[in-house]
Amino acid sequence: CAVGAYLRLYRLAEIPSEVGPDVPHVFANIRTILSGEYPIFFPSHPGREGLFFYLAAPLARLYGLSHTTIKVASALVGLASIPLLYLLGRELYGRAVGLGAAGMLAISHWHIIASRSGLRAGTLLPPMILAWLWLVRGLRRGRRWEFYLAGAAFGLGMYTYNAYAAVGVAGALLLLGEALAGRGGRLWANRQGLALAAVTALVVLVPLGRYAYEAPQQYVYRAATRVSGLERPLPADLFSVALGNAGRALGMFNVAGDAVFATNVPNLRALGFLTAVLFVLGGARLAWGWKVGYNLAVLGALGAMLLPTALALAFPQEVPNNFRAIGALPPAMLLAAVGLEGLWRAAGEALGAADRA
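Please read these numbers as outputs of a predicted model, since none were measured by experiment. (Residues numbered from 1 in each chain as written. Predicted model: local features only at pLDDT ≥ 70, side-chain atom pairs only at ≥ 80, totals over all residues. Heavy atoms only, no water.)

Turning our eyes to something else, we now look at a nonpolar patch on the surface. Together, Phe273, Leu274, Val277, Leu281 and Leu343 make up an exposed nonpolar region whose accessible area comes to about 500 Å². No other element matches helix α14 (residues 273-288), which puts 4 residues into the nonpolar patch. The residue Leu343 is located in helix α16 (residues 329-356) in this model. Of the residues examined, Leu343 reaches a relative accessible area of 44% and is grouped as partly exposed. (Patch = residues over 30% accessible without salt bridge, like charges linked within 9 Å, V, L, I, M, F, W, Y side chains within 5 Å. Areas by Shrake-Rupley, 256 points an atom, 1.4 Å probe, with all protein chains shown as cover. Salt bridge = Lys/Arg side-chain N within 4 Å of Asp/Glu carboxyl O. Helix = DSSP H or I, 4+ residues; strand = E, 2+ residues; numbered from the N terminus. Buried < 20%, exposed > 50% of the residue type's maximum accessible area, 1.4 Å probe, protein only.)

Attention now goes to the packing of aromatic side chains. As enumerated under the stated definition, the model contains 9 aromatic pairs in all. With 5.3 Å between their ring centres and 65° between their planes, Phe41 and Tyr219 make a pair best called edge-to-face. Here Phe41, found in strand β1 (residues 41-42), pairs with Tyr219, found in helix α12 (residues 216-227); they are 178 residues apart in sequence, far enough to count as distant. When the centroid spacing of 6.2 Å and the interplanar angle of 65° are considered together, the rings of Phe52 and Phe53 count as edge-to-face. Phe53 gets classed as buried once you look at its relative accessible area, which sits at 1%. Pairwise contacts between aromatic rings join Phe42, Phe52, Phe53 and Tyr54 into one cluster. (Phe/Tyr/Trp six-rings, centres within 6.5 Å; stacked < 30°, edge-to-face > 60°.)

This next bit is on the pattern of salt bridges. Considering all chains together, one arrives at 15 salt bridges under this definition. We note a salt bridge from Glu91 to Arg137, for which the minimum N-O separation is 3.2 Å. One end of the pair, Glu91, is in helix α4 (residues 67-93); the other, Arg137, is in helix α7 (residues 125-141), with 46 residues separating them in the sequence. Like Arg137, Glu91 is buried. Here Glu178 and Arg186 are joined by a salt bridge, their closest N and O atoms 2.8 Å apart. For Glu178, a relative accessible area of 1% gives the class buried. Look at the salt bridges and you will find they share partners, linking Glu91, Arg137, Arg140 and Arg141 into a network.

Okay, unusual backbone geometry next. Residues Ile15 and Pro16 are joined by a peptide bond in cis, for which omega reads 0°. The residue Pro16 is located in the loop between α1 (2-9) and α2 (23-34) in this model. Cis geometry marks the peptide bond from Val319 to Pro320, where omega comes out at 0°. Mapped onto the elements, Pro320 comes out in the loop between α15 (295-310) and α16. One non-glycine residue, Arg11, adopts positive backbone phi at about 50°. Within the secondary structure, Arg11 sits in the loop between α1 and α2.

This is the structure in structure tokens:
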């Protein structure tokens, strides 16, 4: 965490210095809260979920509303994601994987840029990780309160960023993975807990759901412009475009990343060299033993959280997009940590065999 804090907070007032087109909207939205208005959804173009603005508002009230205080808020959210990923990795695969995943997240340029941006995309990660963590714990231990917390975290996450909707797909794939891995009995034994999680999520979502019901065009506008012909006509060869988008989304980790300077070093792959290699090794290891533990859930989460960028069918030139794919960071770090743990174990076994010989 100390390294993560340094990389997210050092010279934050100066880097980045560019405000960009979105931070003025963030500024205006936080000012709305400070003036005594408390919207559920902020309609400033193209419409924004509001949790980040409410997290940043106390800082702005204490220290003044500025580009720096906005960036401090996003950096603190990013910093909180590191120990949470450790807890998730430890729950899924043990302490070594938890430490590896958290360590690689701490030095990830993808996450550092998002954390220092002053934008709301990174706010998606804490509720996503917590919902995943508490759901897994609930299924393992059968404790009802953990299902409540999983549902609350999932519902709260819908107030962060529109890409969070893909977390629902990831959750469904986790449950499907349980069934395919022969743990359907555990799902059935926890059916009441799962129902409680769903009801809790719906209760938390009531305010946002009412807004979406009353102003559906405003609520879905941004996502709809990317996946439909609302803003630009869809390409004629939609299937080829979809395949190309999927390939570029999957290639963002090891080949070429986001081209937008505000979200990435243009075209730099999303993972560093070592992490990219470990990501491939971990992916192969999980795919080979897909029925073991939560391997299928992690692979499914990676695919699900790439959907928000891959589904930009009307704007294929925007694929990949590091912020829309921000939810793929936790499973990507888990894959890399599993690869690292596998290498460490293999090296230990090789050294042990050499000593015995």
